[in-house]
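Here is how the chains run, residue by residue.
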Amino acid sequence: MQVTALEWGITVAVILGLFVFDFFAHVRTPHEPTFRESGFWSAVYIGLALAFGGVVAWQWGSTFAGEYYAGFVTEKALSVDNLFVFLIIMSTFAVPRIYQQKALLIGIVIALVMRGVFIAVGAAAISAFSWVFYLFGFFLVYTAVTLIRESGHEVEHEQKRDSRIVALAKRMLPTTEEYDGDKLVTKIDGRRAMTPLLLALLAIGFADLLFALDSIPAIYGLTEEPYLVFTANAFALMGLRQLYFLIGGLLDRLVYLSYGLAAILAFIGVKLVLHALHENTLPFVNGGEHVVVPEISTPVSLGVILVILIVATVASLVRTRGAARSRVGR
């Protein structure tokens, strides 16, 4: 897949332009978005993501378009799980609803920058060392196991992380417990101090760093093209702010989402290990020769990911609806 510097430049400019538009059109004036507004713009950004897959198919072929769609679906699913963490952070810092949009948008931009760095590092590592796929694969399987272990205790784990971040920030810099509109820094007795909104942003930024550690190896298991990795991540993050307000009330009902994501990460981890064996150059594995193993195609990967997400979502909604009915029956 050949992507020129001009094509990279246009893509980055368009993505940045969409974020700037989002800020001035929706975030600059603090307000809590309505369900209709959130639903409309969520649909717009998902439509743009799907349309971009058509551009990839037209410009570089259906194979790369399939890789992009598989990457986008995976990153979007992981982003929904991120929303649950964002919800915990907003609750922990008691961020007023009208200011949450600003925190979310800045946090999403931070996430995109961090992922851009990880994408560049990952691309360089893959081009230099084929055995990196082993590391990515085993790391994803380990992450999947960790997700299952922490399932049901996400709130406790996130609150512990947030408390450490707050303690460190308060030790290093002056802070205040009071909000000053949507300002990140305010003045108290002539001294600058960090507001709780900035502390929430720090927590979101740290969470974004952890998310990038999972998401980048995952998408490199579906495509080795840095351009597709970047654009799939960018489009998955777009509209995440609107999705937060659209499905915020449903997040508690997705009780099996973490299990579904664990299954997806484990599946991609196995796919990466199989690919690493197929491309093997490590002297202590099969004498440095390639290992004949089955490789999982992109259409199969996309199908497996979609089936896992559908099953996890439907099972979650059925489980929580049944629980709600039993409470009403009492």
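Before any of the text, the structure's been laid out above.
Residues numbered from 1 in each chain as written. Predicted model: local features only at pLDDT ≥ 70, side-chain atom pairs only at ≥ 80, totals over all residues. Heavy atoms only, no water.

1. A few points about the overall build of the protein
Here is step 1: From N to C terminus, the protein includes 11 helices and two strands.
Here is step 2: In sequence order, the protein lays out its α and β elements as α-α-α-α-α-α-β-β-α-α-α-α-α.
Here is step 3: In summary, the protein has a C-alpha radius of gyration of 21 Å against a globular reference of 20 Å for 330 residues, a match within 12%.
Here is step 4: Seen along its three principal axes, the alpha-carbon backbone of the protein occupies a region of about 70 × 60 × 40 Å.
Here is step 5: For the protein, buried positions account for 47% of its 330 residues.
Here is step 6: In the protein, the proportion of contacts linking residues at least 24 apart, taken out of those at least 6 apart, comes to 78%.
Here is step 7: Here the protein displays about 16,100 Å² of accessible surface, and carbon together with sulfur accounts for 67% of that area.
Here is step 8: Taking the average place of the 24 positive charges on the side chains of the protein and the average place of its 25 negative ones, the gap between the two points comes to 10 Å. (Helix = DSSP H or I, 4+ residues; strand = E, 2+ residues; numbered from the N terminus. Rg over C-alpha atoms; globule rule 2.2 N^0.38 Å. Buried < 20%, exposed > 50% of the residue type's maximum accessible area, 1.4 Å probe, protein only. Contact = heavy atoms within 4.5 Å. Areas by Shrake-Rupley, 256 points an atom, 1.4 Å probe, with all protein chains shown as cover. Lys, Arg positive; Asp, Glu negative; His and termini not counted. Charge placed at Lys NZ, Arg CZ, Asp CG, Glu CD.)

2. As for the packing of helix 3 (residues 62-92) against helix 4 (residues 97-128)
Here is step 1: Between helix 3 and helix 4, the least distance of the axes is 12 Å, while the angle of their chain directions is 135°. Relative to helix 4, helix 3 is oriented oblique. At the point where helix 3 passes helix 4, the crossing takes the right-handed sense. In this structure, helix 3 uses Glu75, Asn82, Phe86 and Met90 to contact helix 4, whose residues at the interface are Gln100, Ala103, Leu104 and Arg115.
Here is step 2: Here the residues of the contact of helix 3 with helix 4 sort into four nonpolar, two polar and two charged. (Axes fitted to C-alpha atoms, helices over the stretch in contact; angles between N-to-C directions. Parallel < 35°, antiparallel > 145°, perpendicular 65-115°, else oblique. Left-handed = near helix turned anticlockwise from the far one by under 90°. Nonpolar A, V, L, I, M, F, W, Y, C, P; charged D, E, K, R; others polar.)

3. Section: the side chain of Ser316
Here is step 1: Structurally, Ser316 can be placed in helix 11 (residues 298-329).
Here is step 2: According to the relative accessible area criterion, Ser316 is buried, its value standing at 1%.
Here is step 3: A polar contact is formed between the side chain of Ser316 and the backbone nitrogen of Tyr256, at a distance of 2.8 Å. (Polar contact = N/O pair within 3.5 Å; in protein donor to acceptor, adjacent residues only side chain to side chain.)

4. What to know about helix 7 (residues 196-220)
A turn of α-helix holds 3.6 residues, and therefore any two residues three or four places apart point the same way.
Here is step 1: Given a rise of 1.5 Å per residue, 25 residues ought to cover 36 Å, and the 36 Å separating the end C-alpha atoms of helix 7 matches this to within 8%.
Here is step 2: Its maximal kink placed at Ala212, helix 7 deviates by approximately 25°.
Here is step 3: Along helix 7, 19 of the 25 residues are buried, which leaves the element largely enclosed by surrounding structure. (Expected span 1.5 Å × (residues − 1). Bend = angle between axes of the 7 residues up to and from the residue.)

5. Thoughts on the environment of Ala123
Here is step 1: Its location among the elements puts Ala123 in helix 4.
Here is step 2: Spatially, the C-alpha atom of Ala123 lies 16 Å from that of Glu67, the residues being 56 residues apart in sequence.
Here is step 3: Once residues lying within four places of it in the same chain are set aside, the contact partners of Ala123 are Tyr220 and Pro226.

6. A look at the nonpolar core
Here is step 1: Core analysis: the biggest nonpolar cluster contains 91 residues, and Tyr68, Phe72, Phe86, Ile89, Tyr220 and Ile268 have the highest contact counts within it.
Here is step 2: The element best represented in this core is helix 3, accounting for 14 residues.
Here is step 3: The residues contacting Phe86, other than those within four sequence positions of it, are Leu104, Ile204, Asp208, Phe211, Leu240 and Tyr244. (Core = buried A, V, L, I, M, F, W, Y, C linked by side-chain atoms within 4.5 Å.)

7. Side note on a nonpolar patch on the surface
Here is step 1: Together, Val109, Val113, Val117 and Val121 line one region of the surface with nonpolar side chains, adding up to about 330 Å² of accessible area.
Here is step 2: Mapped onto the elements of the fold, Val117 is located in helix 4. (Patch = residues over 30% accessible without salt bridge, like charges linked within 9 Å, V, L, I, M, F, W, Y side chains within 5 Å. Salt bridge = Lys/Arg side-chain N within 4 Å of Asp/Glu carboxyl O.)

8. Observations concerning the side chain of Gln100
Here is step 1: As for its position among the elements, Gln100 is in helix 4.
Here is step 2: Of note is the side chain of Gln100, whose polar atom sits 2.9 Å from the backbone oxygen of Val95.
Here is step 3: In contact with Gln100, not counting residues within four places along its chain, are Met90, Val95, Tyr244 and Phe245.

9. Regarding the pattern of salt bridges
Here is step 1: Applying the stated criterion across every chain yields a total of one salt bridge.
Here is step 2: Put simply, Arg115 and Glu75 hold a salt bridge, and the shortest N to O gap is 3.2 Å. Of this pair, Arg115 sits in helix 4 while Glu75 sits in helix 3, and the two are 40 residues apart along the sequence.
Here is step 3: Look at Glu75 and you get buried, because its relative accessible area is 0%.

10. Examining the pairing of strand 1 (residues 185-188)
Here is step 1: Bridge analysis of strand 1 against strand 2 (residues 191-194) gives four bridges, and the strand direction is antiparallel. Following the sheet pairing, Ile188 is matched in strand 2 by Arg191.
Here is step 2: Hairpin connection of strand 1 to strand 2: two residues between the antiparallel strands, including Asp189 at a positive phi of 55°. (Pairing = 2+ DSSP bridges.)

11. Some points on helix 2 (residues 35-60)
Here is step 1: Compared with the 38 Å implied by 1.5 Å per residue over 26 residues, the 37 Å span of helix 2 between its first and last C-alpha is a close match.
Here is step 2: Along helix 2, the residues classified as buried are Ser38, Trp41, Ser42, Tyr45, Ala49, Phe52, Gly53, Val56 and Trp60.
Here is step 3: At its buried positions, helix 2 is contacted by helix 1 (5-27), helix 3, helix 8 (226-237) and helix 9 (240-247).
Here is step 4: Trailing helix 2 by a residue or two, Gly61 shows a phi angle of about 110°, which is positive.

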